[in-house]
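# An overview of the molecular structure
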Amino acid sequence: METIIHIGIIVCILAYFTIYLRGILAGKVKPVLATWLFLSLAVVISFVTNFHQTGLSGVSANFFNLADSFAVIAIFVIILFRKDTRRSFNLFEKWCIAIVIAMLVMWLISGSDIVTHLAIQLILVIAYLPSLVKLWHAKVNTESLGTWIFDCLASALGLILPIMQADTLPIVYGLRSVISTLLMFVFIVRLKLKYPSVHGN
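Quick look at the structure, then. Model, not experiment: these values are computed from the prediction.

## Thoughts on the overall build of the protein chain
Scanning the protein chain from terminus to terminus reveals 7 helices and 0 strands. Sequence-distant contacts, at least 24 apart, represent 82% of the contacts inside the protein chain between residues at least 6 apart. Summing over all exposed atoms, the protein chain offers an accessible surface of approximately 10500 Å²; the carbon and sulfur share of this is 75%.

## Comments concerning the nonpolar core
Core analysis: the biggest nonpolar cluster contains 45 residues, and I13, Y20, W36, F38, L39, I123 and W148 have the highest contact counts within it. Contributing elements (two or more residues each) for this core: α1 (2-26), α2 (33-61), α3 (63-80), α4 (91-110), α5 (113-137), α6 (145-165) and α7 (168-194). Tallying contributions element by element places α5 first for this core, with 9 residues.

## What to know about the pattern of salt bridges
Evaluation of the coordinates by the stated rule reveals 3 salt bridges. Between D84 and K30 there is a salt bridge, with the nearest N and O atoms lying 3.8 Å from each other. Residue D84 is found in the loop between α3 and α4, and its partner K30 is found in the loop between α1 and α2; the two are separated by 54 residues along the sequence. Here the residues in one salt-bridge network are K30, R82 and D84, joined through shared partners.

## Some thoughts on a nonpolar patch on the surface
There is a patch of nonpolar side chains on the surface, built from V44, F47, V48, I73, V77, L80 and F81 and spanning about 580 Å² of accessible area. Those elements that place two or more of their residues in the nonpolar patch are α2 and α3. Examined against the element boundaries, V77 turns out to sit in helix α3.

## Regarding the packing of aromatic side chains
Here the structure, examined in full by the defined rule, presents 5 aromatic pairs. Judged by centre distance (6.2 Å) and plane angle (75 degrees), the rings of Y20 and W148 are edge-to-face. Residue Y20 is located in helix α1, and its partner W148 is located in helix α6; the two are separated by 128 residues in the primary sequence. Each ring, one from W136 and one from F187, has its centre 5.6 Å from the other, and the planes form 50 degrees; the classification is tilted.

## Quick notes on the packing of α4 against α5
Packed helix pairs are characterised by how far apart their axes lie and by the angle those axes make with each other. Where α4 meets α5, the closest approach of the two axes is 9 Å, and the angle between their N-to-C directions is 170 degrees. As summarised for this structure, α4 and α5 are arranged roughly antiparallel, according to the angle between their axes. Only V115, T116, A119, L122, I123, I126, L129, P130 and V133 of α5 make contact with α4, whose side of the interface consists of F92, E93, C96, I99, V100, M103, L104, M106, W107 and S110. Partitioning the contact of α4 with α5 into residue classes produces 16 nonpolar, 2 polar and 1 charged.

## Examining the packing of α5 against α7
Axis separation between α5 and α7 bottoms out at 10 Å; the angle between their running directions is 5 degrees. Judged on the interaxial angle alone, α7 and α5 are roughly parallel. Note on element contacts: α7 touches α5 through L169, V172, Y173, R176, S180, T181, L183, M184, F187, I188, R190 and L191, opposite H117, I120, Q121, L124, V125, Y128, S131, L132, L135 and W136.

## Considerations on the state of the cysteines
Simply put, disulfide is the name for a covalent bond between the sulfur atoms of two cysteines. According to the stated counting rule, one finds 0 disulfides in the structure shown. Just so you know, C12 is unpaired, no disulfide at all, and the nearest cysteine sulfur is the one on C152, 9.8 Å from it. Under the relative-accessibility criterion, C12 is labelled buried at 5%.

## Considerations on α7
Helix length check: α7, at 27 residues, gives a terminal C-alpha distance of 39 Å against a target of 39 Å (1.5 Å per residue), a fit within 8%. For α7, the full list of buried residues reads P170, Y173, G174, R176, S177, V178, S180, T181, M184, F187, I188 and L191.

## A few points about the side chain of S131
Inspection of the secondary structure assignment puts S131 in helix α5. In this structure, S131 is in contact with V32, T35, E143 and M184, ignoring residues within four places of it in sequence.

Analysis parameters
- Residues numbered from 1 in each chain as written.
- Predicted model: local features only at pLDDT ≥ 70, side-chain atom pairs only at ≥ 80, totals over all residues.
- Heavy atoms only, no water.
- Helix = DSSP H or I, 4+ residues; strand = E, 2+ residues; numbered from the N terminus.
- Contact = heavy atoms within 4.5 Å.
- Areas by Shrake-Rupley, 256 points an atom, 1.4 Å probe, with all protein chains shown as cover.
- Core = buried A, V, L, I, M, F, W, Y, C linked by side-chain atoms within 4.5 Å.
- Buried < 20%, exposed > 50% of the residue type's maximum accessible area, 1.4 Å probe, protein only.
- Salt bridge = Lys/Arg side-chain N within 4 Å of Asp/Glu carboxyl O.
- Patch = residues over 30% accessible without salt bridge, like charges linked within 9 Å, V, L, I, M, F, W, Y side chains within 5 Å.
- Phe/Tyr/Trp six-rings, centres within 6.5 Å; stacked < 30°, edge-to-face > 60°.
- Axes fitted to C-alpha atoms, helices over the stretch in contact; angles between N-to-C directions.
- Parallel < 35°, antiparallel > 145°, perpendicular 65-115°, else oblique.
- Nonpolar A, V, L, I, M, F, W, Y, C, P; charged D, E, K, R; others polar.
- Disulfide = S-S within 2.5 Å.
- Expected span 1.5 Å × (residues − 1).

As far as function goes, none of this settles anything; it's purely spatial.
Here you go:
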């Protein structure tokens, strides 16, 4: 059972990573830099925290977070070095950055596990906001529907073992991930339905 779930997670993560990468390289997908910057910061903090608390065995046990972290950081690096990436931040994104910086300061000075995990979750929630706001105001979709479908599916698969084991922290992480990626999916579908002629529907 566990092996099948892990294989399913890997397949989903590889699928969303490949679809997103192809979309970026083709110029059809134009990710919001702020979103992937925040996601990368959060997964790095999460990795460092888990390693500090549980060592390598604890990090490797949370298979979904580990695999997803590599994909997130790889996508961020690719976006960062793309010539067509918008590197300036709008006012809303600047406010998000300010809040994230405050969360990072809390993480650095608190030393509390609760504050650390709360900061990670808040950063991950904030991370999706710039992309959601962009999708809400856009007339043309510049995100990948397939990517967020597979990402949501990977998050859902990542919930199965923690639920079976009643492992609270991975359940919280997983639920937040499912909700966030599902919102991306809903906003993309809304945009496609709102402007069907633009999207060839």
